[in-house]
Amino acid sequence: MRRIIRHMVWVLVAVGMAACTASRKAGREPMVGGLTGEAYLEKVIELSPEWQTLSGKVALQLDLGAKGNTKVNATMRLKKGELIRLSVAPLLGIEVARLDITPEGLLAIERINKRYVQASFEEIRNSWQVDLSFNVLQSLFLNEIFFPGKLQLETGDARYFFVQTEGEDAVIRAKTSKQFSYRFRTSAADGSLLETHVGVAGLPYALNWKYDRFEPLGARRFPAHMQVVLEGSSSPTILNMDFSRLSTGGDWDTVSEVSSRYKQISLQELLKMFIK
């Protein structure tokens, strides 16, 4: 009898220790906007837009530092999983430049001087020292968090991130390799994504993508202004994008044909035109 009682005591002690351990862990888990860290991460993932297409007008302002500013108006078309297109047509609707981003890479067409650049994402990563892919860029344009290698985040993917509060914001970091870092600044109040940072360990190169002026778009909210800062050169390159007349739905051709009369230039030649 005493042996049975002794075993029961040991079981109760073990259960009590496990409960205390679980309690301590729960106490250490951050609370964000009244939610546990994991629940908050699931909320942010659920906020990812479900649109298959997105289009609208965008005013682009490129700040090249000592080289001055460039302003153009363009049309943006995004077809999820297939294409992100920026088309510049300032003169009577006649296109003068086009940028296509596809899962294969980048195609930039400059029609006035009949030139084009075609580069794979591997070449882009080697030239810019930033871990970019179509899925990453698509998430950046759609104002959603991402995890490298994942085509679409699900709530179960919250385990790939950890979160901590900083004032009124919540900073989400991806659990990735030490070579690249991915940081997402969100509003602790509503979970909206305010800034994405992609950095390279040990190097000055980084990409900062900021969002503000959120406006209703269907059942979601979308940032009418984005600012992209490419760091690592002698002076940062800054691109401001102001969106208007946004809509979802629709369809269009995703293939761009390049005339045989056009001259192909390298990605390095293109970069020399903008970055010292």
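Residues numbered from 1 in each chain as written. Predicted model: local features only at pLDDT ≥ 70, side-chain atom pairs only at ≥ 80, totals over all residues. Heavy atoms only, no water.

### Quick notes on the pairing of strand β13 (residues 206–217)
- In the sheet, strand β12 (residues 193–200) pairs with β13 via five bridges, with the strands oriented antiparallel. Following the sheet pairing, Gly 199 is matched in β13 by Ala 206.
- The turn joining β12 and β13, which pair antiparallel and follow one another in sequence, is formed by five residues; a positive phi near 80 degrees is taken by Gly 202.
- Here β13 hands over to strand β14 (residues 220–231) after two residues, with Gly 218 in that stretch at a positive phi of 65 degrees. (Pairing = 2+ DSSP bridges. Helix = DSSP H or I, 4+ residues; strand = E, 2+ residues; numbered from the N terminus.)

### Section: the confidence of the model for the chain
- Averaged over all residues, the pLDDT of the chain is 83; the fraction at 70 or higher stands at 84%.
- Contacts from residues 1–28, a stretch scored under 50 in pLDDT, to residues over four places away or in other chains number zero contacts. (pLDDT = per-residue confidence, 0-100. Contact = heavy atoms within 4.5 Å.)

### Considering the environment of Ile 84
- Inspection of the secondary structure assignment puts Ile 84 in strand β5 (residues 83–88).
- The spatial distance from the C-alpha of Ile 84 to the C-alpha of Leu 137 is 8.6 Å, given a sequence separation of 53 residues.
- Sequence-distant contacts of Ile 84, defined by excluding residues within four places in its chain, comprise Arg 77, Leu 78, Leu 99, Asp 100, Ile 101, Phe 134, Leu 137, Gln 138 and Phe 141.

### Structural notes on unusual backbone geometry
- Although it is not a glycine, Arg 213 adopts a positive phi angle of roughly 55 degrees.
- Mapped onto the fold, Arg 213 is located in strand β13.
- Positive phi is not limited to glycine here, since Arg 245 has a value of about 50 degrees.
- Within the secondary structure layout, Arg 245 lies in strand β15 (residues 237–248).

### Some words on the side chain of Thr 53
- Mapping Thr 53 onto the fold places it in strand β3 (residues 53–63).
- Under the relative-accessibility criterion, Thr 53 is labelled buried at 8%.
- One polar contact links the side chain of Thr 53 to the main-chain amide nitrogen of Gly 249, over a distance of 2.9 Å.
- With residues near it in sequence (within four places) discarded, Thr 53 still touches Leu 78, Lys 79, Ser 247, Thr 248, Gly 249, Gly 250 and Trp 252. (Buried < 20%, exposed > 50% of the residue type's maximum accessible area, 1.4 Å probe, protein only. Polar contact = N/O pair within 3.5 Å; in protein donor to acceptor, adjacent residues only side chain to side chain.)

### Remarks on a nonpolar patch on the surface
- On the surface, a cluster of nonpolar side chains totalling about 380 Å² of accessible area is made up of Leu 91, Leu 92 and Ile 94.
- Relative to the helices and strands, Ile 94 resides in the loop between β5 and β6 (97–102). (Patch = residues over 30% accessible without salt bridge, like charges linked within 9 Å, V, L, I, M, F, W, Y side chains within 5 Å. Areas by Shrake-Rupley, 256 points an atom, 1.4 Å probe, with all protein chains shown as cover. Salt bridge = Lys/Arg side-chain N within 4 Å of Asp/Glu carboxyl O.)

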